[in-house]
Amino acid sequence: HYNQRDPMLKKRDDFEDVLEERRNSSDLRYALRCYTPVLYKGVPPCKSSMLKSMVLQSDQLHYVISQVSKETGRKTDEVQEEASAILDEMAHCQQLSTVRFFAFTLSKVFKSLFRSICVNEEGIQRLQQAIQEHPVVLLPSHRSYMDFLLMSYLLYTYDLTLPVIAAGMDFMGMKFVGEMLRMSGAFFIRRSFGGDKLYWAVFSEYVKTMLKNGFAPVEFFLEGTRSRTSKSLTPKLGLLNIAMDPFLKGEVFDVSVVPVSISYERILEETLYARELLGIPKPKESTSGLFKARKVLSEDYGSIHVYFGQPVSVRSLAEGRVNRRQFNLVPRHIPGKPGEDIHSFVNDSAYKLVRAQEENMVLKPWVLLASLLLQNQAAGPKEGLPLDELTAQAVWLRDLSRQYGAFLHWPDQMTPSEVVSSSLSLHRGLVRICEGKVQLAVEQGLAATPEEKLLNQAVIVLSCASYRNQALHVFLRPALLASAIHTASSTQKQEVFNSFSFLRNMFSNEFILCPGATVQDFEEASYLLVKTGAVQVSQQEVVVTEGGHRTLAFLIAMLDPFLQGYQVVCRFLCEEATETLTEKQFIPAVRKFIIKHLLAGGLRYAEVLSSDLQKNSLAAFLRLGAVQKIKGYVGFDHLECLVGPPSRAQNTTL
Amino acid sequence: MDALPSLHKHGSSMASNSSGGGSDRQRIAQQRLRIIAGHLRRPVDVDSTILAAECKAQDSKTDVSSEGKTVPRRRQEIMKWNGWGYSDTKFLFNKKGQAEFTGKRYKLSGMIMPALKDWLEDTFGTNLQHKSPATPILTSSAVQPPTLNEAFVEELKSTGIPFSHDAEDRVFRAHGHCLHEIFALREGKVGRVPDLVVWPNCHNDVVRIVELACKHNVCLIPYGGGTSVSSGLECPPEETRSIVSLDTSQMSRILWIDEKNLTAHMEAGIVGQDLERLLNESGYCTGHEPDSMEFSSLGGWVATRASGMKKNIYGNIEDLVIRVKMVTPQGVIEKSCLGPRMSTGPDIHHFIMGSEGTLGVVTEVTMKIRPMPEYQKYGSVVFPNFEQGVACLREVAKQRCAPASIRLMDNEQFKFGHALKPQVSSMFTSFLDGLKTFYITKFKGFDPNCLCVATLLFEGHREKVLQHEKQVYDIAAQFGGLAAGEDNGQRGYMLTFVIAYLRDLGMDYYVIGESFETSVPWDRVLDICRNVKLRIIQECKDKGVQFQPLASCRATQTYDSGACVYFYFAFNYRGLSDPVHVFEEVEHAAREEILANGGSLSHHHGVGKLRKEWMREAVSNVGMGMLKSVKDYVDPNNIFGNRNLL
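Cut-offs and rules
- Residues numbered from 1 in each chain as written.
- Chains lettered and ligands numbered in written order.
- Predicted model: local features only at pLDDT ≥ 70, side-chain atom pairs only at ≥ 80, totals over all residues.
- Heavy atoms only, no water.
- Pairing = 2+ DSSP bridges.
- Helix = DSSP H or I, 4+ residues; strand = E, 2+ residues; numbered from the N terminus.
- Contact = heavy atoms within 4.5 Å.
- Salt bridge = Lys/Arg side-chain N within 4 Å of Asp/Glu carboxyl O.
- Polar contact = N/O pair within 3.5 Å; in protein donor to acceptor, adjacent residues only side chain to side chain.
- Phe/Tyr/Trp six-rings, centres within 6.5 Å; stacked < 30°, edge-to-face > 60°.
- Buried < 20%, exposed > 50% of the residue type's maximum accessible area, 1.4 Å probe, protein only.
- Lys NZ or Arg CZ within 6 Å of the ring centre and 35° of its normal.
- Arc of directions from axis to C-beta.
- Axes fitted to C-alpha atoms, helices over the stretch in contact; angles between N-to-C directions.
- Parallel < 35°, antiparallel > 145°, perpendicular 65-115°, else oblique.
- Left-handed = near helix turned anticlockwise from the far one by under 90°.
- Nonpolar A, V, L, I, M, F, W, Y, C, P; charged D, E, K, R; others polar.
- Core = buried A, V, L, I, M, F, W, Y, C linked by side-chain atoms within 4.5 Å.
- Expected span 1.5 Å × (residues − 1).

Details of the pairing of strand S12 (residues 437-440) of chain A
All names here are of chain A. Pairing of strand S10 (residues 385-386) with S12 involves two bridges; the strand directions are antiparallel. Looking across to S12, one finds that Pro386 is bridged to Lys437. Pairing geometry for strand S11 (residues 431-434) and S12, over four bridges, is antiparallel. The residue of S12 that forms the bridge with Arg432 is Gln439.

Some points on the interface of chain A and chain B
On the chain B side, the residues contacting the 15 residues of chain A number 16 residues. Between the two partners, chain A and chain B, sit six salt bridges. In this structure, the salt-bridge partner of B:Glu593 is A:Arg324, at a minimum N-O distance of 2.9 Å. Scanning the region where chain A abuts chain B turns up 15 residue pairs in polar contact (both at pLDDT 80 or more).

Describing the packing of aromatic side chains
In this structure the tally under the stated criterion is 40 aromatic pairs over all chains. Consider the rings of B:Trp119 and B:Phe124, whose centres lie 5.6 Å apart with planes at 85°: the pair is edge-to-face. Residues B:Trp119 and B:Phe124 agree in their burial class; the two are buried. Taken together, the ring pairs in this structure connect A:Tyr30, A:Tyr35, A:Phe110, A:Phe114, A:Tyr153 and A:Tyr156 into an aromatic cluster. When the ring centre of B:Tyr375 is taken as origin, the NZ or CZ atom of B:Arg462, which lies over that ring, is 5.1 Å away.

A few points about the pattern of salt bridges
If you walk through the whole model with that rule in mind, you get 73 salt bridges over all chains. The salt bridge involving A:Asp412 is made with A:Arg402; its shortest N-O contact spans 3.5 Å. Of the two residues, A:Asp412 is situated in the loop between helix H17 (387-403) and helix H18 (416-426) and A:Arg402 in helix H17; the sequence distance between them amounts to ten residues. A salt bridge links A:Glu575 to A:Arg571, with the shortest nitrogen-to-oxygen separation between them at 3.5 Å. Placement of both A:Glu575 and A:Arg571 in helix H23 (residues 549-575) is noted, with a separation of four residues, approximately one turn of the helix. Looking at A:Arg571, the relative accessible area reads 35%, which means it is partly exposed. Because the salt bridges share partners, they merge into one network encompassing A:Arg315, A:Arg324, B:Arg535, B:Glu539, B:Lys543 and B:Glu593.

With respect to helix H3 (residues 48-56) of chain A
For H3(A), the full list of buried residues reads A:Leu51, A:Val55 and A:Leu56. One side of H3(A) holds all its buried residues, which, seen down the axis, span an arc of 130°.

A short note on the sheet that holds S11(A)
Two orientations exist for strands paired in a sheet by backbone hydrogen bonds: parallel and antiparallel. Residue and element names in this part refer to chain A. Read across the open sheet, the three strands follow the order S10-S12-S11; overall the sheet is antiparallel. If you trace the sheet from one side to the other, it starts and ends with S10 and S11, each paired once. Sheet strands in contact with helix H16 (residues 365-379) are S10, S11 and S12, and its direction is about 85° off that of S12.

Quick word on the pairing of strand S21 (residues 562-572) of chain B
Residues and elements named next belong to chain B. The element S21 is extensively covered by neighbouring structure, given that eleven of its eleven residues are classed as buried. When strand S19 (residues 511-521) meets S21, the two strands line up antiparallel, connected through eleven bridges. Residue pairing for S21: Ser519 is matched across the bridge by Cys564. Two elements, strand S20 (residues 550-558) and S21, share eight bridges in a ladder whose sense is antiparallel. Across the sheet, Ala555 pairs through a bridge with Val565, a residue of S21. Where S20 folds back on S21, the antiparallel hairpin that results is connected by three residues.

Some thoughts on the side chain of A:Gln357
In this structure, A:Gln357 sits in helix H15 (residues 340-359). At 3.5 Å, the side chain of A:Gln357 and the backbone oxygen of A:Pro140 are in polar contact.

Comments concerning the sheet that holds strand S6 (residues 219-223) of chain B
Residues and elements named next belong to chain B. Judged by pairing direction, the sheet is mixed, and its four strands sit side by side in the order S4-S5-S7-S6 without closing on themselves. Of all strands in the sheet, those bounded by a partner on one side alone are strand S4 (163-164) and S6. Contacts from helix H4 (residues 150-159) reach S4, strand S5 (196-198) and strand S7 (243-247), with the element oriented near 25° to S5. Here helix H7 (residues 203-216) sits on the sheet in contact with S5, S6 and S7, set at roughly 150° to S6.

Examining the packing of H3(A) against helix H10 (residues 197-213) of chain A
Residues and elements named next belong to chain A. At a minimum axis separation of 9 Å, H3 and H10 run at an interaxial angle of 120°. Judged on the interaxial angle alone, H10 and H3 are oblique. Of the two possible hands of crossing, H3 and H10 adopt the one that is right-handed. Note on element contacts: H10 touches H3 through Val202, Glu205, Tyr206, Thr209, Met210 and Asn213, opposite Leu51, Met54 and Val55. Residues that form the contact of H3 with H10 fall into these classes: six nonpolar, two polar and one charged.

Looking at the nonpolar core
Core analysis: the largest hydrophobic core is formed by 151 residues, its most contacted members being A:Phe308, A:Trp366 and A:Phe475. With 13 residues, the single largest contributor to this core is H23(A). Leaving out residues up to four positions away in the same chain, A:Phe475 has contacts with A:Leu397, A:Leu400, A:Ser401, A:Tyr404, A:Phe554, A:Leu555 and A:Met558. Formed by 92 residues, the second largest nonpolar core is a distinct cluster that contains B:Leu420, B:Ile475, B:Leu495 and B:Val511.

Some thoughts on the environment of B:Val198
When you line up the elements, B:Val198 lands in strand S5. Sequence spacing of B:Val198 and B:Pro162 is 36 residues, and the spatial spacing of their C-alpha atoms is 5.9 Å.

Observations concerning the side chain of A:Lys208
With respect to the secondary-structure elements, A:Lys208 resides in helix H10. Here A:Lys208 is in contact with A:Ile242, A:Asp245 and A:Pro246, once residues within four sequence places are set aside.

Overview of helix H20 (residues 615-634) of chain B
Residues and elements named next belong to chain B. Over its 20 residues, H20 extends only 20 Å from the first C-alpha to the last, a length that falls short of the 28 Å expected when each residue adds 1.5 Å. Within H20, burial applies to Met615, Gly623, Met624, Val630, Lys631 and Val634. Looking at the buried side of H20, the elements it contacts are strand S11 (321-328) and helix H12 (349-352).

Spelled out as structure tokens, the structure:
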């Protein structure tokens with residue numbers, strides 16, 4: 001039964017603004033101050049040259065080198081050299097001087113960009129404790145390029161051991177910046193190295209060596225890449241696997257994993273992301289490009305909240321789940337593919353950790369406004385929402401979201417209308433107030449073609465959606481249940497559950513839904529809806545109450561764009577993709593199809609144009625067996641429409 | 001009492017030719033006439049070159065006190081009923097508040113250990129004001145009256161084999177030395193105990209007893225030295241039959257020594273110290289020296305797969321045993337020759353060794369012996385840290401040049417060893433000690449909170465020992481080790497015997513503890529040591545133990561492919577409502593951690609009932625089935641019902 005603590009009672013720490021001190025004292029002195037972090041077991045940080053030689057001399061690497069040499073017929077020396085070259089390309093060479101340089105520059109930048117950078121200091125204290133006890137892995141959420149600079153900045157500020165950060169190779173394109181980042185503690189990994197044994201060995205040994213010896217906290221992004229939509233991304237398991245390995249193999253007593261939630265009131269890359277999702281190609285990271293972005297410096301990006309979550313002990317995660325004895329029968333330096341149980345353990349842990357990130361994400365009032373405005377816009381071609389009505393709805397939603405356990409930062413000392421207008425003014429690029437009515441700033445009449453007009457509109461809609469998405473995790477489970485109640489053929493609890501389970505399964509590529517937790521999620525959703533009086537759940541039935549319709553309507557509308565999106569992709573597959581289609585062709589083709597329908601007025605949600613949604617839906621259809629992948633092609637044998645009784649749709653897998 | 005001056009002097013004169021003798025004796029017991037036939041039976045083939053000893057019964061007096069034997073029938077005459085070892089020997093705090101070791105038996109006896117008090121206080125947060133004394137006397141009312149199988153007792157009487165159902169005798173044989181066993185005794189609590197104790201005097205007595213037990217469906221639990229630390233001697237509470245403890249302590253003769261083949265044949269009840277002492281008188285030794293050798297018996301070693309400190313030279317029990325005789329409900333199991341090695345299918349000795357009293361009673365053992373070593377030399381090496389020490393041991397093992405014994409203590413044990421230093425007699429020694437400390441910590445830069453010590457024992461021809469010593473010290477030097485003198489080494493080994501007494505002192509002051517062991521491949525030694533110690537500390541914290549526990553370890557044996565690691569764990573239990581439960585939970589968690597880190601279920605303590613739950617996983621389903629089927633064949637009615645192992 002669902003007996004989790006009431007989400008409203010979730011205790012969270014208070015924040016302190018780190019910029020406040022920066023505004024009152026010398027940045028230079030700050031950058032040059034004495035830096036004496038506490039260390040893990042008093043182990044001093046390891047020189048990068050020393051680290052490299054430890055990796056190159058490890059049994060693990062020796063083993064793989066001789067294996068590769070045997071397989072390819074190349075000389076060991078040659079392979080050894082290749083390994084060394086890989087390591088050179090990868091390794092960080094953290095220098096305090098560079099960190100100080102960043103501390104100075106970033107102070108200036110942050111002060112001009114942000115009103116405040118708020119950090120929960122209790123979280124910092126917990127982290128400090130954790131660093132002394134066990135090797136630490138930092139897992140920040142990833143919404144912006146800023147994230148890891150910000151993390152290092154904060155750790156420097158609080159006199160904590162500077163992390164080493166796994167970064168994607170794309171940064172290396174930016175010559176100077178890449179090296180600077182390397183000197184600040186970043187190490188670089190190729191985006192894909194599929195079957196390259198040697199690369200994998202060097203990489204995993206490098207990370208493990210740092211971790212095992214506790215030289216420095218290892219930081220990486222569970223989501224693998226920046227989320228362009230502000231939704232949490234399905235976690236990538238590679239690095240987490242590596243990070244847990246030393247514990248599983250008994251090389252360390254425990255590893256502390258610290259989820260960190262970084263929430264931006266305004267994301268620097270806001271419209272950039274929207275364009276990218278719409279297929280307007282992403283500018284390649286380049287140093288000159290970064291300087292062109294200088295104009296962002298003059299804008300107001302509000303505040304940042306960084307919440308260092310409760311350190312999670314890998315040992316306690318594994319307790320009762322993993323039989324560590326399985327690693328005792330093969331020498332530990334021989335690489336082996338993790339078994340099914342390990343894979344599912346790491347996967348579940350990853351989901352738990354992403355959910356921990358989500359839970360501590362600070363939500364600004366604007367997030368609620370964006371949700372309301374998007375729903376209003378989709379409801380029909382109205383002249384926007386009267387300001388006072390928006391305010392009233394926002395207050396209603398504020399209370400609802402709090403009941404659902406949202407970490408909402410609503411300034412209670414201000415009146416609701418003040419809150420609303422200050423939020424709107426910070427995001428004036430996205431909203432327009434016209435004659436007391438608020439609507440999205442979708443431009444009218446400027447574009448040449450209807451298609452361009454639509455795309456321009458979509459940029460704004462997707463930007464707004466990215467804010468709404470920040471709150472999705474709060475409403476997701478109730479929304480799934482609301483939609484399930486809506487689509488179920490009866491109020492029978494079992495029917496509703498089936499419908500819920502179908503939707504949940506369908507959307508598990510889209511949202512963070514822990515695998516195998518359907519019943520738990522259903523109970524959580526029921527609990528929340530019952531608690532807020534929106535539905536009554538008996539042994540047999542799920543019934544919407546009189547007063548519950550408003551909540552349910554809101555929740556259904558929250559999920560509707562996704563539902564519509566999946567349906568339209570489905571229709572595309574049924575109607576247009578009669579023959580096989582390459583994966584590359586899929587996105588442009590489905591986009592064309594969607595544009596057609598949007599222009600024809602059959603589809604209301606411009607956000608369906610998001611390539612993220614399209615990819616996720618395709619992945620879902622693949623997973624459900626409705627679509628097949630043949631030798632790199634995507635072959636569509638047959639597909640039944642998703643509308644209709646869920647059970648039938650589930651059976652249509654071919 | 002019970003010991004009748006009777007028949008069994010007759011038929012049971014020699015160890016050999018026993019199975020035939022056994023069935024004859026059955027008839028003897030039934031018919032007076034046959035006694036004469038029994039008289040006429042003489043040993044068939046006594047090897048003329050060997051010293052033969054007879055299976056003599058006790059003299060006709062009913063007194064059962066010892067006749068120069070180390071272990072009398074009434075153990076309580078010389079040993080504690082609720083603690084370790086001899087009654088006259090214990091640690092205590094004298095009137096001045098200094099720790100003192102009483103008695104005269106050990107080198108440390110009568111000495112004062114000034115540092116022990118501070119060490120106890122600092123390590124456990126104990127306070128001499130807060131005592132947790134033991135119940136001084138065993139009250140017979142605490143012991144359940146015996147459930148006797150009258151028919152069995154009647155027939156037993158007729159055999160003349162001494163037995164007793166005295167409460168003290170029974171309680172003594174109801175436990176080993178696990179913490180929970182001793183803790184309960186100190187509180188005066190007694191659980192299920194044997195209903196009868198029987199003292200066979202020779203192999204044939206045992207045959208007789210086992211036959212009677214089978215006939216009357218009585219549960220037999222063999223008892224040797226009583227040093228089990230696996231709950232092996234605990235009577236299964238669910239046992240409804242009458243339980244008879246078969247105490248082998250009176251079967252303690254060396255029956256012959258064969259100097260040509262360097263073997264000796266002993267009765268299995270002989271305890272280690274007697275065995276060595278008696279062999280030494282003839283110029284020989286077995287070299288088998290488990291830490292418990294003062295009290296543990298040869299039969300016990302065989303039944304638990306024991307290991308001795310000097311196994312590097314002499315081997316473990318399985319290497320030493322040539323031939324074993326065990327009495328089972330199906331009859332006697334034994335090999336038919338004394339060949340040094342055989343290819344005759346799976347070695348039946350391996351059903352016996354480690355059977356932990358579940359299949360039968362080991363009665364006689366032929367064992368390898370060696371001439372006593374010409375020269376012995378102790379030594380010690382200080383390492384800057386445990387890692388270096390382990391690396392050195394590994395190298396020593398790799399070069400196969402391990403001394404008779406090599407043990408590496410971690411920093412905690414090193415400090416503990418210091419706490420047991422007796423008061424120095426002269427200013428000069430104390431000055432020298434200070435100088436040594438200064439040299440190691442200041443001049444060599446060893447961190448006193450990291451350094452650790454290896455103790456060494458070399459044996460053999462003088463020249464070879466010196467050569468060997470140099471080789472080992474050279475290797476040690478490669479790992480930063482500094483020779484730290486013979487005294488430190490010798491003291492280390494001496495403490496082995498004394499340390500067991502210390503737990504009783506701790507228990508007087510709210511400290512409970514235990515040691516446990518494992519064996520582990522070399523590459524995991526450091527990991528297992530670290531993880532198990534941290535696990536103990538964490539578990540104690542989680543379970544509300546107020547003061548951080550002592551978690552310490554040492555590597556005590558080296559092998560080609562791994563090492564034996566010993567853990568010590570103790571904590572102050574003030575403030576806990578159920579300390580034994582907490583203790584057992586922590587111990588359980590520690591074992592889980594050992595297994596998770598690639599350690600074995602046991603290196604030499606055995607499984608008993610304490611570690612039974614992990615047995616199936618340790619040997620696989622099929623392995624378990626094999627063992628079970630052996631048990632089912634050998635002892636279908638579970639006469640040997642101590643329920644160990646399986």
